[in-house]
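Now for the letters of each chain:
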Number of protein chains: 4
Amino acid sequence: MSFNTQTTGVYPIAPTPFLPDGSVDYDSLDRLIDFYRECGSTGVTILGIMGEAAKLEAEEARTIARRVIDRAGIPVVVGVSAPGFAAMRTLARDAMEFGAAGVMVAPAPHLRTDEQILAYFEQAVDSIGADTPWALQDYPLTLTVQMSVPVIAEIMRRHPSCVMLKEEDWPGLEKISALRKMIDDEKLRRFSILTANGGLFLDFEAGRGSDGAMTGYAFPDMLVELHRLHENGEKDAAHDLFDAHLPLIRYEQQPGVGLAVRKHVLRRRGLIAHDGLRRPGPKVSAAAQEEIAYLLTRLARKDARAAL
Amino acid sequence: MSFNTQTTGVYPIAPTPFLPDGSVDYDSLDRLIDFYRECGSTGVTILGIMGEAAKLEAEEARTIARRVIDRAGIPVVVGVSAPGFAAMRTLARDAMEFGAAGVMVAPAPHLRTDEQILAYFEQAVDSIGADTPWALQDYPLTLTVQMSVPVIAEIMRRHPSCVMLKEEDWPGLEKISALRKMIDDEKLRRFSILTANGGLFLDFEAGRGSDGAMTGYAFPDMLVELHRLHENGEKDAAHDLFDAHLPLIRYEQQPGVGLAVRKHVLRRRGLIAHDGLRRPGPKVSAAAQEEIAYLLTRLARKDARAAL
Amino acid sequence: MSFNTQTTGVYPIAPTPFLPDGSVDYDSLDRLIDFYRECGSTGVTILGIMGEAAKLEAEEARTIARRVIDRAGIPVVVGVSAPGFAAMRTLARDAMEFGAAGVMVAPAPHLRTDEQILAYFEQAVDSIGADTPWALQDYPLTLTVQMSVPVIAEIMRRHPSCVMLKEEDWPGLEKISALRKMIDDEKLRRFSILTANGGLFLDFEAGRGSDGAMTGYAFPDMLVELHRLHENGEKDAAHDLFDAHLPLIRYEQQPGVGLAVRKHVLRRRGLIAHDGLRRPGPKVSAAAQEEIAYLLTRLARKDARAAL
Amino acid sequence: MSFNTQTTGVYPIAPTPFLPDGSVDYDSLDRLIDFYRECGSTGVTILGIMGEAAKLEAEEARTIARRVIDRAGIPVVVGVSAPGFAAMRTLARDAMEFGAAGVMVAPAPHLRTDEQILAYFEQAVDSIGADTPWALQDYPLTLTVQMSVPVIAEIMRRHPSCVMLKEEDWPGLEKISALRKMIDDEKLRRFSILTANGGLFLDFEAGRGSDGAMTGYAFPDMLVELHRLHENGEKDAAHDLFDAHLPLIRYEQQPGVGLAVRKHVLRRRGLIAHDGLRRPGPKVSAAAQEEIAYLLTRLARKDARAAL
């Protein structure tokens, strides 16, 4: 089960499907997880920001974690970011007991200085347990926390249990290059770098030194194919595939409404039954639905997966 | 049991006492709640920001709410602010079932426009139930959400169940005057205004139209006395009392470390057994302890309650 | 000269070219302005955020404004956003005396509530003069000020001299639809809506009701062509052109480094002599230069303008 | 002329007086500066945040700087913070040519990581000239930039021309202690630490290791007296004086309206002719004027300077 410093490949970020009444739609969740495995994903990440984790009750989060871990057949990483370390500790402990491959931790939104960030992750590692493998999420656009290359490097030095960086700074290409160079120059021990940001720069991130993707784009099967093309050195083909999807990737990467777009496409693909977000959450307007349909039609001329 | 639009008086904000191992110190909590009642508080507010609510697990919060409500003998208001409405709904429902007088809701930190704020409280009221009395917390310094007078007025118009404003904008005096004038001019229905901000402007807030205090200063008994002086029109005596306490009030109102100072004083007063915050939290340094001791010594010359 | 409520078309946002020693490169500025006119731009906007206006001294800004206005032969809009209204007043007065078509004003970064935003633009209009036509810039990502649809509508109601909205919220499509609907329903008087955000959603913004583009993408000639395709109802051709450029548009729209990318491409196109930003500013790394070259090569297969 | 690493004493922050028509009131400025010198100030700081520097045009700032420097007879420090380094460079050069003792620089509001902060001050020092003595302003509440103790220490290490820290973090006591300890332990070279924050913690800052005050409280003569008491080791007398002023200090330290309160008191003291802020700026309401009058009356019982 691959969730360690050597991990390469694709970890889709799973949304949490809901029924129209706002309760968790476990059937859709099962279907989605099966699809991730079947399309060749390395693993799957649940209960992240795009999994609407902050809207779940503690008991719901635990139930989802257990169900996905039992079913997935691939490594499951569980997002355990929480307003307090008590909740983080409990969810991490439970997730690991259920059989999670590891957890994911994002910095709390109030952190500003390097000192504060380093102190936070000391406590986070203490909370999840120093032997629990974890991914560090670097997502300043949403989290408002800026972690510089030296800070990320220092976190990696202090915490051998941090096996992966989920890199989604914007811009992030130079950051990936800088960290990869430190690793190559043996100034920093190896860790896995998966990228996200909705996939908006996946065409160049592999060339900068990333090991794959951890993002929730509605075509995870395309992410898997793209990763293989990069691995095989088929650069032009990779860009052709990416460029065909970019109009939709870009449309899905709109803050706020993006997750609604993503769920809408997943529903049209038949992977989930309903596309509503748990309240509060935006909806996809009629105009937006038309635009998405148009984008899918255009995409389908190049990628049959989009012919819905 | 007074928690309604007519409420006047003092609602101390209760800290959550912890044992050295980080678990909740229920004996201290009992003692503290007893003290609030015995010193003449109108009610008590638990699980707010200063109650370290964000660091508690859902089950702990529930246990604390039940225990305090069972014991208090005065109205208990339960803070139910949460990252998602699911958690808010559950805690509010449980708190009301346990016998809470009402709940307190703060705006989520990401809210910016008036539209967003109004939409948020539509959903919050839907979550806690339209018949649950609640206090609106206006605390921009910590929450980063700025609610203007027109927005607060609109919330009051839309939601009859909002019986109280916990006003702690900084500055806030003109805001209190403006809202009180709208009520007096019958442009807005009556609601209770209690003020906070650590008490830093309690000397003038009554004159501006507040109905009392909802704050956590380590001398709630002084807050009760100050309220009586204001009610009796003993203005100079009220200012004498306030000014004597102001050096300590000011010291306790430091962001971040303020709660540690407050717990330190409460411990020195014998009201709680240990003064530690649940991690992560700042500590009171040796230098700060000396400064607090010096402030208490000076205060004791004018207020015997400070002779510890 | 078209800068009024009926304006349609393309207003490129002009960067400010600098010589290697950091002084303004007026020869390049002339060449760039000539190009904007010759490629069919409706007008041009100078001294905006992407014109590095905040790094210029007052006297430099004035000199640039006079030179561009004298030379352009098309309407020139001058960005006059400044930390204080005194500087805004002077620059607006000078720009209009030089013959500017109007000015552009962005909200100051500290504004939060609707009340604050409306009060700010009262003072801004007082500063620039109530008879000076101006464009309102709505750019939350960089300015951190969120203006809702009702607030923008209220600004338009209060200030007839506001002839244009430069819309670059992200996401912004629903905002354009909502404002256009208010105009069509005669609930709001007509004003021009040009969109920006680097052009990232130009493929759908026309369909939502925008009147054109005001952005600085390094191929303003493509923006002009795209606008004509939209005007002629050639939807598929418009999307084909846009999709060909999207990989580069997206690359150029990276915060911080984006302007350096833009200047790099403008230099490669021969439109400016040097691509450096005035300090402090990021540089385009060797790896990024390779990526841009690769993007241009791919683009050139579909658009000969990119064959550099 | 004392503005160096050994400086102790009081540097009042001068407000900029305006006439009712919004132009600079030079007569009042002269009177104010004379008062600062006559009451025993070590020096004076002009064109800071409380000097409404951001609302001045470049030429006004220059005129003010020249006039104050010509007249003061004590060292003048000129605030040169600006949105761009070009404007900073020009104002610093002019100020030093006029005879300023040094300049003051605050971090730009967008800075977040330690790396960004250090890079910013590299460029700032390059702009003002490596031989220009300067004070570093640490004011997170208003500037939104958090500089940790290690970052401040690193700035001091890299830039020998930084002779002073204007410390006004909130809380800031532990920061002063930590920096002073590093100096005492010879881990850091000596620099002057003056404190601000409206004076809200001046009673304890000397004990923590500050060298005096750089703040704009409307009784600079009291600040001078307080500094002497601290120097003479008259601790209780210092606290008596401070505590008498604290209700007013606290009232004047309200964000936004605080400067209006300060100017109101300065006008009542006869030190400036008009108390208006340059637009946009808050006014002191009738209710606030009454509260200030009441505070002054109470203060006058202990300090005759307040008998106005």
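Worth saying up front: this structure is predicted, and the values here are computed from it rather than measured.

(A) Here's a closer look at the overall build of chain A. Each helix and strand in chain A was counted, giving twelve helices and eight strands. For 308 residues, the compact-globule formula gives about 19 Å, and the C-alpha radius of gyration of chain A, at 18 Å, lands near that figure. Structurally, chain A occupies a C-alpha span of about 50 × 45 × 35 Å along its principal axes. Residue burial in chain A is summarised as follows: out of 308 residues, 64% are buried. On chain A, roughly 10,700 Å² of surface is accessible, and the fraction owed to carbon and sulfur atoms is 51%. The average position of the 35 basic charges and that of the 42 acidic charges among the side chains of chain A differ by 2 Å.

(B) Main features of the relation of the copies chain D and chain A. Overlaying chain D on chain A yields an RMSD of 0.0 Å, the required transformation being a rotation through 180 degrees with an accompanying axial translation of 0.0 Å. What we have between these two chains is a two-fold relation. The overlap is high: 90% of the interface residues of chain D also sit at the interface in chain A, so the same surface is used on both sides.

(C) Seen up close, the interface of chain C and chain A. With 32 residues of chain C at the contact, the number on the chain A side is 32 residues. Between chain C and chain A, roughly 2,900 Å² of surface is buried when both sides are summed, and carbon and sulfur atoms account for 60% of that area. By the criterion of area lost to chain A, the three top residues of chain C are Trp170(C), Arg250(C) and Tyr294(C), representing 23% of everything that side buries. For the interface between chain C and chain A, the tally reads ten salt bridges. At the junction of chain C and chain A, the tally comes to 16 residue pairs in polar contact (both at pLDDT 80 or more).

(D) Representation of the interface of chain D and chain A. Chain D puts ten residues into the contact, and the matching count from chain A is nine residues. Of the roughly 860 Å² buried between chain D and chain A on both sides combined, carbon and sulfur atoms contribute 52%. Elements supplying a minimum of two residues to the side of chain D that touches chain A: helix H4 (114–128) and helix H6 (149–158) of chain D. When residues of the side of chain D that touches chain A are assigned to their parent elements, the largest contribution, three residues, is made by H4(D).

(E) Representation of the pattern of salt bridges. Overall, the coordinates contain 132 salt bridges over all chains when judged by the stated rule. Glu225(C) serves as the salt-bridge partner of Arg305(C), at 2.5 Å between the closest nitrogen and oxygen. Of this pair, Arg305(C) sits in the segment after helix H12 (286–300) while Glu225(C) sits in helix H9 (residues 220–231); the two residues are 80 residues apart in sequence, bridging distant segments of the chain. Its relative accessible area of 24% is what places Arg305(C) among the partly exposed residues. Residue Glu225(C) is classed as partly exposed on the basis of its relative accessible area, which comes to 31%. The salt bridge involving Arg93(D) is made with Asp94(D); its shortest N-O contact spans 3.4 Å. The network of salt bridges with common partners includes Asp30(A), Asp34(A), Arg37(A), Glu38(A), Arg67(A) and Arg71(A).

(F) Just the packing of aromatic side chains, in detail. For the structure on display, the rule yields 30 aromatic pairs over all chains. Where Tyr251(A) meets Phe204(C), the ring centres are 5.7 Å apart and the plane angle is 85 degrees; that geometry is what we call edge-to-face. Here Tyr251(A) is found in helix H10 (residues 235–252), whereas its partner Phe204(C) is found in helix H8 (residues 202–208) on a different chain. Aromatic rings pair up to connect Phe85(A), Tyr120(A), Phe121(A) and Trp134(A) into one cluster. The ring of Tyr294(D) carries Lys235(B) above its face, with NZ or CZ at 4.1 Å from the centroid.

(G) Region of interest: the sheet that holds strand S6 (residues 162–167) of chain D. Residues and elements named next belong to chain D. Overall, parallel pairing links the eight strands, which are arranged S1-S8-S7-S6-S5-S4-S3-S2 in an open sheet. Edge positions in the open sheet fall to strand S1 (9–10) and strand S2 (44–46), since each of these has one partner strand only. Pairing analysis gives three bridges linking strand S4 (residues 102–105) to strand S5 (residues 134–138), with the strands arranged parallel. Paired with Val 105 across the strands is Leu 136, a residue of S5.

(H) Just the packing of helix H4 (residues 114–128) of chain A against helix H6 (residues 149–158) of chain A, in detail. All names here are of chain A. It is the contact of H4 with H6, at a shortest axis distance of 10 Å, that shows an interaxial angle of 30 degrees. Considered as vectors, H4 and H6 are oriented roughly parallel to each other. Where H4 crosses over H6, the handedness of that crossing is right-handed. Residues Asp 114, Ile 117, Leu 118, Phe 121 and Glu 122 of H4 form the contact with H6, whose own contacting residues are Val 151, Glu 154, Ile 155 and Arg 158. Among the residues making up the contact of H4 with H6, the classes are represented as five nonpolar, no polar and four charged.

Reading the values: the criteria
Residues numbered from 1 in each chain as written. Chains lettered and ligands numbered in written order. Predicted model: local features only at pLDDT ≥ 70, side-chain atom pairs only at ≥ 80, totals over all residues. Heavy atoms only, no water. Helix = DSSP H or I, 4+ residues; strand = E, 2+ residues; numbered from the N terminus. Rg over C-alpha atoms; globule rule 2.2 N^0.38 Å. Buried < 20%, exposed > 50% of the residue type's maximum accessible area, 1.4 Å probe, protein only. Areas by Shrake-Rupley, 256 points an atom, 1.4 Å probe, with all protein chains shown as cover. Lys, Arg positive; Asp, Glu negative; His and termini not counted. Charge placed at Lys NZ, Arg CZ, Asp CG, Glu CD. Least-squares fit on C-alpha atoms with pLDDT ≥ 70 in both. Contact = heavy atoms within 4.5 Å. Buried area = accessible area lost by both parts, 1.4 Å probe. Salt bridge = Lys/Arg side-chain N within 4 Å of Asp/Glu carboxyl O. Polar contact = N/O pair within 3.5 Å; in protein donor to acceptor, adjacent residues only side chain to side chain. Phe/Tyr/Trp six-rings, centres within 6.5 Å; stacked < 30°, edge-to-face > 60°. Lys NZ or Arg CZ within 6 Å of the ring centre and 35° of its normal. Pairing = 2+ DSSP bridges. Axes fitted to C-alpha atoms, helices over the stretch in contact; angles between N-to-C directions. Parallel < 35°, antiparallel > 145°, perpendicular 65-115°, else oblique. Left-handed = near helix turned anticlockwise from the far one by under 90°. Nonpolar A, V, L, I, M, F, W, Y, C, P; charged D, E, K, R; others polar.

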